[in-house]
Amino acid sequence: MKFVLNDILKGKNKIALGGHIRPDGDCVGSCMGLYLYLKEQYPSVSVDVYLEEIPEAYRMISGTENIKSQASPDEIYDLFICLDCGDAERLGFSRPLFENAKETLCIDHHISNDAFADSNYIVPEASSTAEIVFTLVDAEKIDKKAAEALYMGIAHDTGVFQYSCTSPETMEIAAALMRKGIDSSAIIDRTYYEKTYIQNQILGRALLESMLIMDKKCIVSVIRRKSMDFFHASPADLEGIVSQLRQTAGVEVAIFLHELAPQKFKVSLRSKKEVDVSEIAKYYGGGGHVRAAGVTMEGSSHDVINNITARIAQQLRHEEEQDAES
Ligand code: AMP
Ligand code: MN
Ligand code: MN
């Protein structure tokens, strides 16, 4: 059955959009793209967007000044649409609005998504949730502002059209968005590549202290709270560190840990060709994609790294056995 956004929107007067905790470029881009589109095309419908604080650079996207970062639990929406969010827990503060809404819809591309809403439109092959949003709306009616938001989402989740999730369709959609007259270079430069001094400092620290392990197949780095305090860095300032670690020649998996609290770490995983990191993240209660996934784990950093690398070794062994058989 073909999914039709128009059908779901029928009769809905009050809609909320929400994304995942620690919003990234695709989360903000897909939410704002759909928000701006709905505002333009459905002027009689009231639409609110709920997101945690977003990185300052993303403020170049129109409408971000209207983002609500607090939720009143007694607010009842006709429809709550969650975007780029693999499970209900990752909605964070907007979860009560999702729970209380009369109807819920999930639009996502995480392979780990377990279809937790009333209606679910999950396309794991899509590069980004922003790409899915493009396919759900009337492309002719996307204006320049919504195009800027969607383009940002696609550019971020594809590592600027580099990662293997980038398909010919992704490029066609990006081209269609460019034709709306957006300044694509400025979006990429200001929201993706540009780093604050603090971000560069903490990146430098993470690279300097990184270690090659597992016969140089993995690179691992840990940032502790005391380093964050020293550099006055926030969790958002750590975005991109794991991608930089992944660039290391010869490495298959990059593992980046950041200390959330004593004995509690946010783990980011990236792989190149062989290891399915979503399987590893999911095993420990997180999720994500085959080549990019995340999970929160408890214990010492050594325990966390040992647990993760044991699963990586298992996958690599399995791969070797299969190669030997064929
Ligand atoms: P990150 O390492 O946080 O940049 O996340 C990589 C990918 O995995 C993103 O698509 C995230 O949305 C997803 N992800 C990260 N952490 C989790 C988690 N705890 N549960 C489910 N998905 C996650
Ligand atoms: Mn995301
Ligand atoms: Mn995404």
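In the block above lies the structure referred to throughout.
Residues numbered from 1 in each chain as written. Chains lettered and ligands numbered in written order. Predicted model: local features only at pLDDT ≥ 70, side-chain atom pairs only at ≥ 80, totals over all residues. Heavy atoms only, no water.

1. Observations regarding the coordination of the manganese ion (ligand 2)
Here is step 1 of the chain: Those donors, H20 (NE2), D24 (OD), D24 (OD) and D84 (OD), are the protein atoms that reach the manganese ion (ligand 2), and they lie 2.2 to 2.7 Å from it.
Here is step 2 of the chain: If you list the donors of the manganese ion (ligand 2) from N- to C-terminus, the spacing comes out as H-x3-D-x59-D.
Here is step 3 of the chain: Between the manganese ion (ligand 2) and the manganese ion (ligand 3) the interatomic distance amounts to 3.7 Å, and D84 serves as a bridging ligand to the pair. Residue H20 is located in the loop between β1 (14-18) and α2 (25-41), and its partner D84 is located in the loop between β3 (79-83) and α3 (95-100); the two are separated by 64 residues in the primary sequence. Across this residue pair, the class does not change: H20 and D84 are buried. (Donors = N, O, S within 2.8 Å, 3.2 Å for Na, K, Ca; no water. Helix = DSSP H or I, 4+ residues; strand = E, 2+ residues; numbered from the N terminus. Buried < 20%, exposed > 50% of the residue type's maximum accessible area, 1.4 Å probe, protein only.)

2. Side note on the side chain of Q199
Here is step 1 of the chain: Mapped onto the elements of the fold, Q199 is located in helix α8 (residues 197-208).
Here is step 2 of the chain: For Q199, a relative accessible area of 17% translates into the label buried.
Here is step 3 of the chain: Apart from the residues within four sequence positions on either side, Q199 is in contact with E194, A236 and D237. (Contact = heavy atoms within 4.5 Å.)

3. Some words on the sheet that holds strand β9 (residues 264-271)
Here is step 1 of the chain: If you trace the six strands from one edge of the open sheet to the other, you get β6-β7-β8-β9-β11-β10, paired in mixed fashion. Of all the strands in the sheet, the pair left with one neighbour each is β6 (211-213) and β10 (287-288).
Here is step 2 of the chain: Summarising the sheet, β6 and strand β7 (residues 218-223) pair through three bridges and their orientation is antiparallel. Among the inter-strand pairings, M211 is bridged to a residue of β7, identified as V220. (Pairing = 2+ DSSP bridges.)

4. Focus on the nonpolar core
Here is step 1 of the chain: Counting 52 residues, the largest nonpolar core has L17, L34, I81, I142, Y151 and L177 as its most contacted members.
Here is step 2 of the chain: In terms of residue count, α2 provides more of this core than any other element does, nine residues in total.
Here is step 3 of the chain: The residues touching L177, leaving out its near neighbours within four places in the chain, are F134, I142, A147, L150, Y151, I154 and I182.
Here is step 4 of the chain: Grouped together as the second largest cluster of nonpolar side chains are 21 residues, L257, L269, V295 and L316 included. (Core = buried A, V, L, I, M, F, W, Y, C linked by side-chain atoms within 4.5 Å.)

5. Brief notes about the pattern of salt bridges
Here is step 1 of the chain: Scanning all chains against the criterion turns up nine salt bridges.
Here is step 2 of the chain: One salt bridge in this structure joins E103 and K12, with 3.3 Å as the shortest N-O distance. Pair noted here: E103 is in the loop between α3 and β4 (104-108) and K12 is in the loop between α1 (5-9) and β1, with a separation of 91 residues, a long-range link.
Here is step 3 of the chain: The class for K12 is buried, based on a relative accessible area of 11%.
Here is step 4 of the chain: As a salt-bridge pair, K102 and D78 come within 3.1 Å of each other at their nearest N and O atoms. (Salt bridge = Lys/Arg side-chain N within 4 Å of Asp/Glu carboxyl O.)

6. A short note on the site of ligand 1
Here is step 1 of the chain: By nearness alone, 14 residues border ligand 1, and R90, H110, K266, S268 and R270 come closest of all.
Here is step 2 of the chain: Taking R90, its side chain carries an N or O atom lying 3.0 Å from an oxygen atom of ligand 1.
Here is step 3 of the chain: Separating a nitrogen atom of ligand 1 from a backbone N or O atom of G287 is a distance of 3.3 Å.
Here is step 4 of the chain: In isolation ligand 1 exposes 480 Å². Once the protein is present, 87% of that is buried.
Here is step 5 of the chain: Elements with a minimum of two residues in the shell around ligand 1: β9, β10 and β11 (292-298).
Here is step 6 of the chain: The leading source of residues in the shell around ligand 1 is β11, at four residues.
Here is step 7 of the chain: Taken together, the residues of the shell around ligand 1 sort by class into three nonpolar, seven polar and four charged. (Near = heavy atom within 4 Å. Polar contact = N/O pair within 3.5 Å; in protein donor to acceptor, adjacent residues only side chain to side chain. Areas by Shrake-Rupley, 256 points an atom, 1.4 Å probe, with all protein chains shown as cover. Nonpolar A, V, L, I, M, F, W, Y, C, P; charged D, E, K, R; others polar.)

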